Amino acid sequence: MSRFAIISDIHANLEALDAVLFDIQAMNCNSIACLGDVVGYNASPVECLEKIRSLGCQIVKGNHDEAASSEENPEKMNPVAYNALMWTRSQLNEEQKIWLRKLLLRRNVPPFTIVHATLDQPALWHYIVNQYDADSNFNSQLTPICFHGHTHIPKVFIYEGGKTTEYSAGDFSPEQGKKYFINVGSVGQPRDNDWRASYCIYDTDFNAIYFRRVEYDIATAQQKILEAGLPPILAERLGKGI
Ligand code: ZN
């Protein structure tokens, strides 16, 4: 029996992560896969990293995991993201940074694949916003199903007969002969105008994929951001889901 929970873009939001892990247990999942961006933006990078690590789950690296564990100065970053990145680096110890640095960019988790951004050029962190962006991913997708994150917007791309179609997130049963590139949304910083934490369940016995939304203690998460001295806009956006 396999019932996978697929989580992504936790972004140092411990309150959201705890609520999602509680829901995962309540939904009787027996395996967890994590699509990266464990840290960045919010106020609990160490707690989230240690919690994810303690799960011993299959995990891939996100662009924020890479930036937070690097010593290099980031190019092209807005002031809010830069400020949050420097703060995150100051919180993590060397051993935690090494753990982040060693994460793989993509992984096979039979019967599916996981990646943070795209399978074709995972290190370039492309944003898949529409069906045209998704096309090149499908050329590199060898399993019928691949889960990804990065945009923080849950969504489904389906490839059939040489054509990609984009669908909004909703529960469904994968069909033979089609390929699915599924964005599970974000646990810690959703951007689809819904503040609730997002993740997916893949039940291979029932051949079903479910999109979950979970309420969490957002007031505490926001208060921690302000107390840490992080840009207040990071607390505001959580409330709006943007
Ligand atoms: Zn992210």
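Use the structure listed above.
Keep in mind that this is a model prediction, so the values were computed, not measured.

Draft legend 1. Representation of the environment of His126. Relative to the helices and strands, His126 is located in the loop between strand S5 (112-115) and helix H6 (131-140). The class of His126 is partly exposed, set by a relative accessible area of 32%. Considered as a pair, His126 and Asn137 are 11 residues apart in the sequence and their alpha carbons are 10.0 Å apart. The contacts of His126, once residues within four sequence positions are left out, are Ala117, Thr118, Gln121 and His150. A polar contact is formed between the side chain of His126 and the side chain of Gln121, at a distance of 2.7 Å.

Draft legend 2. Examining the environment of Tyr41 more closely. Structurally, the position occupied by Tyr41 is in the loop between strand S2 (31-34) and helix H2 (45-55). Taking the C-alpha atoms as reference, Tyr41 lies 19 Å from Glu94; in sequence the two are 53 residues apart. With near-sequence residues (within four places) excluded, Tyr41 lies in contact with His11, His64, Ala84, Thr88, His152, Gln189, Arg191, Leu230, Leu234 and Arg237. A polar atom in the side chain of Tyr41 sits 3.5 Å from the side chain of His64. Within the structure, Tyr41 has its side chain in polar contact with the side chain of Arg191 (distance 3.3 Å).

Draft legend 3. Representation of the nonpolar core in the model. Counting 43 residues, the largest nonpolar core has Ile7, Ile24 and Ile52 as its most contacted members. Among the elements that make up this core, the one with the highest residue count is helix H1 (residues 14-26) (7 residues). Once you skip the residues sitting within four places of it in the chain, Ile52 turns out to touch Ile7, Ile10, Leu17, Cys34, Val38, Cys57, Ile59 and Trp99. Ranked by size, the runner-up nonpolar core spans 20 residues in total, among them Ile114, Ile145, Phe172 and Tyr202.

Draft legend 4. Inspection of a negative patch on the surface at higher detail. Taken together, the side chains of Glu66, Glu71, Glu72 and Glu75 present a region of like negative charge at the surface. Here Glu75 is to be found in the loop between helix H3 (63-68) and helix H4 (79-91). The exposed category is assigned to Glu75, whose relative accessible area is 68%.

Rules behind the numbers
- Residues numbered from 1 in each chain as written.
- Predicted model: local features only at pLDDT ≥ 70, side-chain atom pairs only at ≥ 80, totals over all residues.
- Heavy atoms only, no water.
- Helix = DSSP H or I, 4+ residues; strand = E, 2+ residues; numbered from the N terminus.
- Buried < 20%, exposed > 50% of the residue type's maximum accessible area, 1.4 Å probe, protein only.
- Contact = heavy atoms within 4.5 Å.
- Polar contact = N/O pair within 3.5 Å; in protein donor to acceptor, adjacent residues only side chain to side chain.
- Core = buried A, V, L, I, M, F, W, Y, C linked by side-chain atoms within 4.5 Å.
- Patch = residues over 30% accessible without salt bridge, like charges linked within 9 Å, V, L, I, M, F, W, Y side chains within 5 Å.
- Areas by Shrake-Rupley, 256 points an atom, 1.4 Å probe, with all protein chains shown as cover.
- Salt bridge = Lys/Arg side-chain N within 4 Å of Asp/Glu carboxyl O.
- Lys, Arg positive; Asp, Glu negative; His and termini not counted.
- Charge placed at Lys NZ, Arg CZ, Asp CG, Glu CD.

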